[in-house]
Amino acid sequence: VPTGLTHAYGVDLTTENEWRYGAAFEKGSLRDPQTSAVTDRTALSLTAGLARDTLRYTGAFEYRVDAGTTSTRSTYILKNRAQYKTSDNWRLFGKFNYSSSTSTQGEFYDGEFVETVFGYAFRPVENDRWNTVMKYTYFYNLPSPGQISQSSTAANYIQRSHVLALDSQYDLNKYWTVGGKFAYRFGQLSADRANPEFFSSRGQLIALRADWHIIRKWDLTIEGRMRNEIDAQDSLTGMLVGAYRHFGNNLKLGGGYNFSNFSDDLTNMDYSSQGLFINIIGKF
């Protein structure tokens, strides 16, 4: 992880019409602990947010320049997230994240990222024992050659995927909650970034879990998972255990251990998820 010293300046503005705006400027240096190479970073970011009873929106734009000894990289980042309450029981939600990175070394070293999410959530107000989320995700990732994956290897494949997911849970009583998740991915991968040749990459995930509410603010979780990579004819199974503490009605924080080496995110092709984890869950 690069280390360094940066100077940041920012300002926030709240208006009378429920909008909030912000701007920040950052300038500093980053040093690679392995090679001792120094990169000078200059970044400008703009933010906006809207909070109403039925509509919430947050957005951000960032322009960043990283200048090293051999090359300079310019990066544009756009982040958007919105939620609309269609009724007391239903919520529409979505997000759109985009990033484009160009290098003075040439087009081969450029990168691009797109993530679009659209979903519908059901949480009854009068009887919230049953909660369900339906979600569609479009994911495109063209990593730069220097990008490192979670397993410390080069992220050298291009991915474009569509993922459909259904996640539901039901309170059996005040002590036990059971739930499950099903997700299906139909997408394509290419290992050649210069002359991409895409091949089919289909996969599915099935997960079953149970939560034990030990006392009022503490939960224990156990989850069994099965992930099938259909075109690769590969099937993996595993389990996860964790403990969580509730903070108010909208947040719980916890951690645990993932005994499997895969993620429940079907766009994550890096099988290095085994180990300890910390998780923050927001509820609405």
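Our structure's up above, just so we're on the same page.
It should be emphasised that the depicted structure is a prediction, and the values quoted were computed from it without experimental measurement.

Visitor: What is the right way to read the pattern of salt bridges from this model?
Guide: Opposite charge on two side chains lets them pair, provided their charged atoms get close. All told, the structure shown has 15 salt bridges when counted by the stated rule. Between Lys 95 and Glu 115 there is a salt bridge, and its shortest N-O distance comes to 3.7 Å. On the criterion of sequence distance, the pair formed by Lys 95 in strand β6 (residues 90-103) and Glu 115 in strand β7 (residues 111-122) is long-range, its members being 20 residues apart. Given a relative accessible area of 22%, Lys 95 falls into the partly exposed group. Residue class for Glu 115 comes out buried when judged on its relative accessible area of 17%. Measuring nitrogen to oxygen at the nearest pair gives 4.0 Å for the salt bridge that ties Arg 209 to Glu 223. Note that Arg 209 is positioned in strand β11 (residues 199-215) and Glu 223 in strand β12 (residues 218-229), a separation of 14 residues in sequence. Both residues of the pair, Arg 209 and Glu 223, count as buried. Members of the salt-bridge network, linked through shared partners, are Asp 167, Lys 181, Arg 209, Glu 223, Arg 225 and Asp 264.

Visitor: Could you clarify how one ought to interpret a nonpolar patch on the surface in this entry?
Guide: Taken together, the side chains of Trp 130, Tyr 170, Leu 172, Tyr 175, Trp 176, Val 178, Trp 212, Ile 214, Ile 215, Trp 218 and Leu 220 define a hydrophobic patch exposed on the protein surface, amounting to about 1000 Å² of accessible area. The set of elements that each furnish at least two residues to the nonpolar patch consists of β10 (176-190), β11 and β12. With three residues, β11 is the largest single contributor of residues to the nonpolar patch. The residue Trp 130 is located in strand β8 (residues 130-142) in this model.

Definitions and limits used
Residues numbered from 1 in each chain as written. Predicted model: local features only at pLDDT ≥ 70, side-chain atom pairs only at ≥ 80, totals over all residues. Heavy atoms only, no water. Salt bridge = Lys/Arg side-chain N within 4 Å of Asp/Glu carboxyl O. Helix = DSSP H or I, 4+ residues; strand = E, 2+ residues; numbered from the N terminus. Buried < 20%, exposed > 50% of the residue type's maximum accessible area, 1.4 Å probe, protein only. Patch = residues over 30% accessible without salt bridge, like charges linked within 9 Å, V, L, I, M, F, W, Y side chains within 5 Å. Areas by Shrake-Rupley, 256 points an atom, 1.4 Å probe, with all protein chains shown as cover.

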